[in-house]
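Descriptive structure summary
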Amino acid sequence: MMTSNKKAVLSCEFFPPRTEAGVEKLLTTQQTLSETFQPAYYSVTFGAGGTTRDSTLEIVKLLTEKNIEVAPHISCIGSSKQQLSELLETYKSLGVTRLVTLRGDIPKTGELTRELSYANELVSFIRETTGEHFTLEVAAYPEYHPESLSPQSDFEHFKNKVAAGADSAITQYFYNIDAYLHFIDNCQKNNITIPVVPGVMPITNFASLTRFSDVCGAEIPRWIRKQLEAYADDADSLQAFGLDVVSNLCNQLLEQGVPGLHFYTLNQANATTAIWKNLSL
Ligand code: FAD
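Structure report, in brief. On a predicted model such as this, the values are computed, not experimentally measured, just so you know. Positions within a chain are numbered from 1, following the residues in the order the chain's sequence is written. Thresholds applied to this predicted model are a pLDDT of at least 70 for local features of residues and 80 or more for the giving and counting of side-chain atom pairs; totals over whole chains, interfaces and linings are not thresholded and use all residues. Remark: hydrogens and water are excluded; side-chain values derive from all non-hydrogen atoms of the structure.

Notes on unusual backbone geometry
- The backbone of Asn 191 shows a phi angle near 55°, a positive value even though the residue is not glycine.
- Helix and strand definitions here come from DSSP, where helices need a minimum of 4 consecutive H or I residues and strands a minimum of 2 consecutive E residues; each element is numbered from the N-terminal end. Structurally, Asn 191 is set in the loop between α6 (177-189) and β7 (196-197).
- Positive phi is not limited to glycine here, since Leu 266 has a value of about 50°.
- Of note, Leu 266 is situated in the loop between β9 (260-264) and α10 (270-278).
- Think of it in three bands: residues with accessible area under 20% of the maximum for their type are buried, residues over 50% are exposed, and the middle band is partly exposed, with areas taken using a 1.4 Å probe on protein chains only. By relative accessible area, Leu 266 is classed as partly exposed at 35%.

Here it is as structure tokens:
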């Protein structure tokens with residue numbers, strides 16, 4: 001069991017929009033989130049295979065100009081060491097001190113640069129080239145990564161990232177709290193002491209949640225899935241139910257003393273602020 005921690009660090013994730021209107025919306029969302037609960041930092045995703053390298057950088061620049069703490073995601077799949085080094089230098093020059101360090105999703109098509117194949121190699125590379133400049137977050141999978149060969153090997157690979165120099169981890173989202181608690185038990189048994197922050201996915205749309213969950217290997221428990229299906233034509237009830245489920249999950253996690261909560265905002269403020277208002281912080 002974890003010890004109680006009432007100082008949970010809250011953070012929020014954005015993705016780089018494709019349009020100017022999307023960028024404007026993201027900035028409005030950030031403003032609302034900051035005014036509501038002042039997240040400690042905002043992370044910005046990096047498209048599969050580095051496909052959003054420029055737009056991720058553009059959003060990072062816009063947010064750092066507002067003196068906001070930003071953690072760009074950086075992935076090694078699809079980028080050469082030279083490109084990664086240049087990006088790290090750019091982030092340093094912008095005052096970025098935190099990165100979410102990933103292998104990255106493998107795009108379905110196209111040739112891939114694979115000078116670094118797994119996230120632990122990227123963590124080592126960043127430590128070799130930039131020392132302790134960056135606080136490095138890595139991904140953790142309480143319900144196991146979809147490509148993992150076994151629970152044991154997946155956990156070994158997580159350990160490799162910690163051994164390479166990760167400071168903290170953010171989980172894939174989950175709705176089974178036991179999966180997270182089991183993961184934390186495993187960390188304790190293996191003397192892993194870095195914070196493992198639950199990733200929180202608000203529930204607002206059944207179709208997109210199912211699609212996402214199938215791809216990333218997050219389970220939607222049957223009782224949640226059935227209820228969401230039943231509300232297929234009733235968006236208000238679906239959102240009210242989703243808010244209830246996710247708020248309860250977050251409160252149970254906080255009771256367990258989690259070090260923080262990382263919200264996958266999908267660039268929307270409403271769902272995340274509604275959950276935050278329900279939290280017993
Ligand atoms: P790794 O830790 O390298 O693991 C990938 C797989 O390889 C796992 O199955 C692992 O068990 C296995 N493995 C690791 N090392 C070895 C080895 N030496 N030999 C054999 N197998 C090995 N994706 C994006 O494209 N952009 C993003 O911005 C992004 N942000 C994310 C943020 C969070 C918080 C999370 C949880 C995920 C994010 N993802 C993102 C998804 C992530 O990139 C994918 O899940 C990706 O497939 C794996 O990345 P990883 O860093 O976890 O990889």
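A short note on the site of the ligand
- Taken together, 22 residues form the shell around the ligand, and within it Phe 46, Arg 103, Tyr 141, Asp 154 and Lys 161 come nearest.
- Polar contact is the term for a pair of N or O atoms within 3.5 Å; when the atoms are in protein, one must be able to donate a hydrogen and the other to accept it, and sequence-neighboring residues count only if both atoms are side-chain atoms. Between Phe 46 and the ligand, the recorded distance is 2.5 Å, taken from a backbone N or O atom to a nitrogen atom.
- Measuring from an oxygen atom of the ligand, one finds a backbone N or O atom of Arg 103 at 2.8 Å.
- Calculation of accessible area relied on Shrake-Rupley with a 1.4 Å probe; when residues are assessed, cover is drawn exclusively from the protein chains displayed. For the ligand, whose unbound accessible area comes to 970 Å², protein coverage reaches 86%.
- Among the secondary structure elements, those contributing two or more residues to the shell around the ligand are α5 (151-164) and β6 (168-171).
- Sorting elements by how many residues they give to the shell around the ligand places α5 first, with three residues. Being near a molecule or strand, for a residue, comes down to having at least one heavy atom within 4 Å of it.

Examining the packing of helix α3 (residues 81-93) against helix α4 (residues 119-130)
- With axes taken as lines fitted to C-alpha atoms, and helix axes fitted only over the stretch in contact, angles between N-to-C directions fall between 0 and 180 degrees. Remark: α3 packs on α4, axes separated minimally by 11 Å, with the N-to-C direction vectors making an angle of 60°. Considered as vectors, α3 and α4 are oriented oblique to each other. As for the relative orientation of α3 and α4, their crossing is right-handed in sense. Every residue of α4 that contacts α3 at Lys 81, Leu 84, Ser 85, Leu 88 and Lys 92 is listed here: Leu 122, Phe 125, Ile 126, Thr 129 and Thr 130.
- We call Asp, Glu, Lys and Arg charged. Ala, Val, Leu, Ile, Met, Phe, Trp, Tyr, Cys and Pro are nonpolar, and the rest, Gly among them, are polar. Looking at the contact of α3 with α4 residue by residue, the classes come out as five nonpolar, three polar and two charged. Relative orientations are named as follows: roughly parallel for angles under 35 degrees, roughly antiparallel for angles over 145 degrees, roughly perpendicular for angles from 65 to 115 degrees, and oblique for any other angle. Note on convention: near helix rotated counterclockwise from far helix by under a right angle means a left-handed crossing. Clockwise means right-handed. Contacts are assigned to residue pairs with any non-hydrogen atoms lying within 4.5 Å of each other.

Comments concerning the pairing of strand β2 (residues 41-44)
- Across the two faces of β2 the burial is the same, with Tyr 41 and Ser 43 and Tyr 42 and Val 44 all buried.
- Paired strands, as defined in this entry, are two strands with at least two bridges between them according to DSSP. Pairing between strand β1 (residues 9-14) and β2: four bridges, direction parallel. Bridging across to β2, Ser 11 finds its partner in Tyr 41.
- Handedness of the β-α-β unit built from β1, helix α1 (residues 20-37) and β2 comes out right-handed.
- Sheet analysis places β2 next to strand β3 (residues 70-75), joined by three bridges and oriented parallel. Each bridged residue has a counterpart across the sheet, and for Ser 43 the counterpart in β3 is Ala 71. If you view a crossover with the strands going away from you and the path from the first strand over the helix to the second runs clockwise, you call it right-handed.

By themselves these figures say nothing about function.
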